[in-house]
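Chain by chain, the residues:
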Amino acid sequence: MTKSHIYQPKKVNIDPTRRYVYFQIKGGKAFLEHIDESDPMPGQVSSFFTFHIYFRGQRFKSRPIPCACEPQIDEGFLLELHKDSSGEAGKMADASTMLSISDPIHIVLIKTETSGETTLVSSNFFEWRTVLASSGNRMSMLLELKGTGNESKVPSGVIEIMMELLPKSTKNFGQDVVAAQISLEKSRQAERERLFLVYAKQWWKEYLQIRPAHQDRLVKIFAQDENMVNRPVNSFVKPLRGGRLLDSARHAARFVSLIHHEKVQSLGGGSKTEQWTNTHAFLCRNKGDCEDHATLLCSLLLGFGLDAYVCVGTKSKGAVHAWVVTISVEGTVVFWESLNGHRYIHLPIDPNAPPMDKQHRSKYPYKTVGCVFNHLSFYANNQPSDSVEVCKFNLKNEADWKSMSQDAILSVCGPGASPSWPCMPPLCSSSLDSSLVSNDLEQQLRVMVYEHRRDLGLTTNFDDQLSYLLTPALAAYELERVTGISAGNEEFQDSIKQAVPDGHTFKGYPIQFSHRNAKRAFATCLKSPVCEEIINCRGDHVRLGVRVKVYPYPENATATWIMFACKYKSVL
């Protein structure tokens, strides 16, 4: 046994009145995709792995680990085993309580490329209770991590795990007792799922008997997650409170819109494959499809006390899409587009009225709606047409919406009903220092402007005061994106007029990104004729300005605002 593998627990502060599982990932092997990768040279940037751990409301993250066939991981996580019931949570969990804690440890492995691209390598729900039957409440084992999506049956690598119960339990269970408990839970869940499937089939049959055309409506009762597990769509939504990290429903919509959007491509080109991702894996990757955005936004709006539902339907070009709807007590219907944070008030039009002119037509991009759902309810569109513009959202009206039994939904999606399905993780605060990253990005862009102009044979003079004066404009743009209200424009315009002498011209170009990659941002800006004109500005007394303001949101999502400006003497 090599010295590096000798068990040496790390010193951590442990409350002696609580019980913990110390969960260590020692090393990895057989990550065959990286078999050709040699160790990076010091200072060389390489792609890296990050392990994210979620267990009973606790979230942890490993340091970045350089990708390799046998990555050196050596990370430990102290997971607290607290009781559920109020008043009991402060007591130490005894043996029988621990045996009944069915929550798995969710291990998410993310790979980050040198470009900043992130991939979900593996999403594993690990059964930790085997440690209760091991001698001395300590055990080590090899865990094979499977891929995700189309590769969910393909191993992506193996990790060596060590677990220890702290403090040790006075009562030890036999392996047969632990195995019997786990098996009992699985069979109970399987039976609940079977009964729900029987109910859903019957419900669907009744729905089709109403109108044959219902066969073609987007009524999505089940969805596949990243491990190709089929689950009722209701299980992807749970009321989620943002704690002190989000101030309002509109802040929640802004946050969700800043998480990157990516369709899951099927292998060998072709159309996208549909894959819904568990919220924890979606947040760790900071990227996902429209369904992931919509279920997260719906969960956050429910947390803010709104009557919110995910809508499944199509967009104007017929592409399948998911968005969110909220219905107020007065019956006001608002659509929330989770990919950009836009809100649209919906007023159904009379299908028999003459066609409307373009000015009065609805502004939202949705064409049809097949069903709406949240954690408690599921409604299929029962109206003669599934076109959104004529759709009424009085969900309690059975003639317009066919509802599923709430008891049936709760039998599989209620608290504790399906322990192998994940719970909603809490949001993590941003670890970014806004001033630091804003400054860093601004310096990089200055260098890029300088080099770009030098290649054109132009000199570059930056005006620090002009750059600083752009700050209020960026703050106003972000405020408007969050609240829909613009403020402070008069002062900004006045300050610019004061700073630009008579006979001089001012030009400005603002743009927002959800990444912090200076090269990508600069390349995008140069594609805009207005911005290119500013950066390539020639003439007398040319002074340039650039200002960057990074607005951090939870989960390291960011709104990165950049403004380029120039002032120069106008030649008549």
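If you're wondering where the values come from, they're calculated on a predicted model, not measured in any experiment.

## Digging into the overall build of the chain
Now for step 1: Along its length, the chain carries 12 helices and 23 strands.
Now for step 2: Its C-alpha radius of gyration of 27 Å places the chain within 12% of the 25 Å reference for a compact globule of 572 residues.
Now for step 3: Taking the principal axes of its C-alpha atoms as reference, the chain extends roughly 90 × 75 × 50 Å.
Now for step 4: A fraction of 68% describes how many contacts in the chain between residues 6 or more apart in sequence connect residues 24 or more apart.
Now for step 5: Roughly 28,300 Å² of accessible area belongs to the chain as shown, and the carbon and sulfur atoms make up 53% of that amount.

## With respect to the nonpolar core
Now for step 1: Counting 65 residues, the largest nonpolar core has Phe-255, Leu-296, Leu-300 and Phe-378 as the members making the most contacts within it.
Now for step 2: In terms of residue count, helix α5 (residues 290-303) provides more of this core than any other element does, 8 residues in total.
Now for step 3: Ignoring anything within four residues of it in the chain, the contact list for Phe-255 reads Leu-246, Leu-283, Leu-296, Leu-300, Leu-427, Tyr-553, Pro-554, Glu-555 and Ala-557.
Now for step 4: In this structure, Ile-25, Cys-67, Ile-161 and Ile-182 belong to the second largest nonpolar core, which totals 38 residues.

## Comments concerning helix α10 (residues 489-499)
Now for step 1: Listed in full, the buried residues belonging to α10 are Phe-492, Ser-495 and Ile-496. The buried residues of α10 occupy an angular sector of 100 degrees when the element is viewed end-on, so they sit on one face. Residues Glu-490, Glu-491, Lys-497 and Gln-498 are exposed on α10 and point more than 90 degrees away from its buried face.

## So, the packing of aromatic side chains
Now for step 1: This structure, assessed with the given rule, holds 24 aromatic pairs.
Now for step 2: With a centroid separation of 5.9 Å and 10 degrees between ring planes, the pair formed by Trp-203 and Tyr-207 is classed as stacked. You can see Trp-203 and its partner Tyr-207 sitting in helix α2 (residues 175-210), 4 residues apart, about one turn around the helix. There is no split in this pair, since Trp-203 and Tyr-207 are both buried.
Now for step 3: Aromatic side chains Tyr-344 and Tyr-364 sit 6.3 Å apart centroid to centroid with 80 degrees between the ring planes, which places their arrangement in the edge-to-face category. Of the two residues, Tyr-344 sits in strand β17 (residues 343-346) while Tyr-364 sits in the loop between β17 and β18 (366-373), which places them 20 residues apart along the sequence. Each member of the pair Tyr-344 and Tyr-364 is classed as buried.
Now for step 4: The ring centre of Trp-336 lies 5.0 Å from the NZ or CZ of Arg-343, which sits over that ring.

## Some thoughts on the packing of helix α3 (residues 249-257) against helix α9 (residues 471-483)
Now for step 1: Axis separation between α3 and α9 bottoms out at 8 Å; the angle between their running directions is 110 degrees. One element, α3, and the other, α9, form an angle in the roughly perpendicular class. Contacts from Arg-250, His-251 and Arg-254 in α3 reach Glu-478, Arg-481, Val-482 and Thr-483 in α9.

## Description of the pairing of β17
Now for step 1: Burial along β17 is one-sided: Tyr-344 and His-346 are buried, while Arg-343 and Ile-345, pointing the other way, are not.
Now for step 2: Here 4 bridges tie strand β16 (residues 333-336) to β17, and the two strands are oriented antiparallel to one another. If you follow Phe-335 over to β17, its bridge partner there is Tyr-344.
Now for step 3: Connecting β16 to the antiparallel partner β17 that follows it, the hairpin turn spans 6 residues, and Gly-341 within it adopts a positive phi of roughly 80 degrees.

## Quick word on the sheet that holds strand β1 (residues 20-29)
Across a sheet, paired strands are connected by hydrogen bonds in the backbone, their directions being either parallel or antiparallel.
Now for step 1: Across the sheet, which stays open at both edges, the 4 strands sit in the order β5-β1-β9-β8 with antiparallel pairing between neighbours. Edge positions in the open sheet fall to β5 (72-80) and β8 (138-146), since each of these has one partner strand only. Between one strand and the next, the sheet's axes are offset by a mean angle of 25 degrees, whatever the strand orientation.

## Let's talk about the sheet that holds β17
Now for step 1: Taking strand neighbours across the sheet as the criterion, the 7 strands line up as β17-β16-β15-β14-β18-β19-β20 in an open arrangement whose pairing is antiparallel. At either end of the open sheet lies a strand with only one pairing partner, and these are β17 and β20 (401-403). Taken pair by pair, the neighbouring strands of this sheet meet at an average axis angle of 35 degrees, ignoring direction.
Now for step 2: Inspection of the sheet shows β18 paired to strand β19 (residues 378-381) by 3 bridges, in the antiparallel sense. The partner of Val-372 across the bridge, within β19, is Tyr-379.

## Points about helix α7 (residues 434-455)
Now for step 1: With 22 residues, α7 extends 32 Å from end C-alpha to end C-alpha; this agrees with the ideal 32 Å at 1.5 Å per step.
Now for step 2: Summarising the contacts, the buried residues of α7 are in contact with α8 (464-469), α11 (518-526), α12 (529-535), β22 (540-552) and β23 (558-569).
Now for step 3: A distance of 3.2 Å separates the backbone nitrogen of Ser-435 from a side-chain oxygen at the start of α7, and that oxygen is part of Asp-433.
Now for step 4: Gly-457 occupies a position one or two residues after α7 and carries a positive phi of about 80 degrees.

## Examining the confidence of the model for the chain
Should the pLDDT be low somewhere, the predicted coordinates at that spot are not to be read in detail.
Now for step 1: For the chain, per-residue confidence averages 90 on the pLDDT scale, and residues scoring 70 or more make up 91% of the total.
Now for step 2: Predicted confidence is poor over residues 1-8, with pLDDT under 50, and the contacts of this stretch with residues over four places away or in other chains come to 6 contacts.

## Overview of the state of the cysteines
Now for step 1: Counted by the stated rule, this structure contains 0 disulfides.
Now for step 2: For the unlinked cysteine Cys-531, the closest cysteine sulfur is that of Cys-525, found at 4.5 Å.
Now for step 3: A relative accessible area of 0% places Cys-531 in the buried class.
Now for step 4: Left unpaired, Cys-566 is separated from the closest cysteine sulfur, that of Cys-537, by 4.0 Å.
Now for step 5: Look at Cys-566 and you get buried, because its relative accessible area is 0%.

## Structural notes on the packing of α7 against α11
Now for step 1: Packing of α7 against α11 leaves a shortest axis separation of 10 Å and a crossing angle of 50 degrees. One element, α7, and the other, α11, form an angle in the oblique class. Remark: the crossing between α7 and α11 carries right-handed chirality. Residues Leu-441, Gln-444, Leu-445, Met-448, Val-449 and His-452 of α7 form the contact with α11, whose participating residues are Ala-518, Lys-519, Phe-522 and Leu-526.
Now for step 2: Its residues assigned to classes, the contact of α7 with α11 comprises 7 nonpolar, 2 polar and 1 charged.

Rules behind the numbers
- Residues numbered from 1 in each chain as written.
- Predicted model: local features only at pLDDT ≥ 70, side-chain atom pairs only at ≥ 80, totals over all residues.
- Heavy atoms only, no water.
- Helix = DSSP H or I, 4+ residues; strand = E, 2+ residues; numbered from the N terminus.
- Rg over C-alpha atoms; globule rule 2.2 N^0.38 Å.
- Contact = heavy atoms within 4.5 Å.
- Areas by Shrake-Rupley, 256 points an atom, 1.4 Å probe, with all protein chains shown as cover.
- Core = buried A, V, L, I, M, F, W, Y, C linked by side-chain atoms within 4.5 Å.
- Buried < 20%, exposed > 50% of the residue type's maximum accessible area, 1.4 Å probe, protein only.
- Arc of directions from axis to C-beta.
- Phe/Tyr/Trp six-rings, centres within 6.5 Å; stacked < 30°, edge-to-face > 60°.
- Lys NZ or Arg CZ within 6 Å of the ring centre and 35° of its normal.
- Axes fitted to C-alpha atoms, helices over the stretch in contact; angles between N-to-C directions.
- Parallel < 35°, antiparallel > 145°, perpendicular 65-115°, else oblique.
- Pairing = 2+ DSSP bridges.
- Expected span 1.5 Å × (residues − 1).
- Polar contact = N/O pair within 3.5 Å; in protein donor to acceptor, adjacent residues only side chain to side chain.
- pLDDT = per-residue confidence, 0-100.
- Disulfide = S-S within 2.5 Å.
- Left-handed = near helix turned anticlockwise from the far one by under 90°.
- Nonpolar A, V, L, I, M, F, W, Y, C, P; charged D, E, K, R; others polar.

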